[in-house]
Amino acid sequence: LVAFAKFVSEYAEAFYELNRLIGIAVTLPVTSVEAERSFSCLKLVKTHLRTTMLDDRLSDIAVLSVHSQRANALDLDLVIDKFANTYPNCRITLR
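Just so it is clear, the model here is predicted, and its values are computed rather than measured. (Residues numbered from 1 in each chain as written. Predicted model: local features only at pLDDT ≥ 70, side-chain atom pairs only at ≥ 80, totals over all residues. Heavy atoms only, no water.)

Student: Now, about the overall build of the protein chain: what can you tell me, with residues and values included?
Tutor: The helix and strand tally for the protein chain stands at five helices and zero strands. When its helices and strands are written in sequence order, the protein chain yields α-α-α-α-α. When burial is assessed residue by residue, the protein chain has 9% of its 95 residues classed as buried. Pairs at least 24 residues apart make up 24% of the contacts formed inside the protein chain by residues separated by at least 6 positions. Summed over all atoms, the accessible surface of the protein chain reaches about 8,500 Å², with 61% contributed by carbon and sulfur. (Helix = DSSP H or I, 4+ residues; strand = E, 2+ residues; numbered from the N terminus. Buried < 20%, exposed > 50% of the residue type's maximum accessible area, 1.4 Å probe, protein only. Contact = heavy atoms within 4.5 Å. Areas by Shrake-Rupley, 256 points an atom, 1.4 Å probe, with all protein chains shown as cover.)

Have a look at this one:
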């Protein structure tokens, strides 16, 4: 659909209405899918963690669940080193 939208946009003067309709078709599903994904991720997190926790922690876990690709791309060794340097007196050994 995106390739067809690029093709029609080159002839926007001839296909003005079609160009507008394709623009709407390309943008609408993304926004509704994003909203549904965030709600389904929150539902999965809530059913998985049926324990009592603060809203801040639940919100953080929901953000990690929604942006799972970005979270998976994190280098955990760098995160652990930064945490260990920031809090040198913690009781847990992170190395």
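Student: Describe in detail the packing of aromatic side chains, supporting the description with residues and values.
Tutor: With the rule as written, the count across this model stands at two aromatic pairs. Centroid distance Phe7 to Tyr11: 5.4 Å. Interplanar angle 65°. Geometry classified as edge-to-face. Accessibility expressed as a relative area gives 42% for Tyr11, which makes it partly exposed. Ring geometry for Phe83 against Tyr87: centres 4.9 Å apart, planes inclined by 50°, an arrangement best described as tilted. (Phe/Tyr/Trp six-rings, centres within 6.5 Å; stacked < 30°, edge-to-face > 60°.)

Student: Lay out the confidence of the model for the protein chain in plain terms, naming residues and giving numbers.
Tutor: Counting all residues, the mean pLDDT for the protein chain is 77, and 77% of those residues have values of 70 or more. Across the protein chain, the secondary-structure element scoring lowest on mean pLDDT is helix α2 (residues 16-48), at 74, and the one scoring highest is helix α1 (residues 2-10), at 85. (pLDDT = per-residue confidence, 0-100.)

Student: Describe a nonpolar patch on the surface, and please don't skip the residues or the numbers.
Tutor: The grouping of Leu1, Phe4, Phe7, Tyr11, Phe15 and Leu18 at the surface amounts to a nonpolar patch, some 610 Å² of accessible area in total. Checked against the element boundaries, Phe15 lands in the loop between α1 and α2. (Patch = residues over 30% accessible without salt bridge, like charges linked within 9 Å, V, L, I, M, F, W, Y side chains within 5 Å. Salt bridge = Lys/Arg side-chain N within 4 Å of Asp/Glu carboxyl O.)

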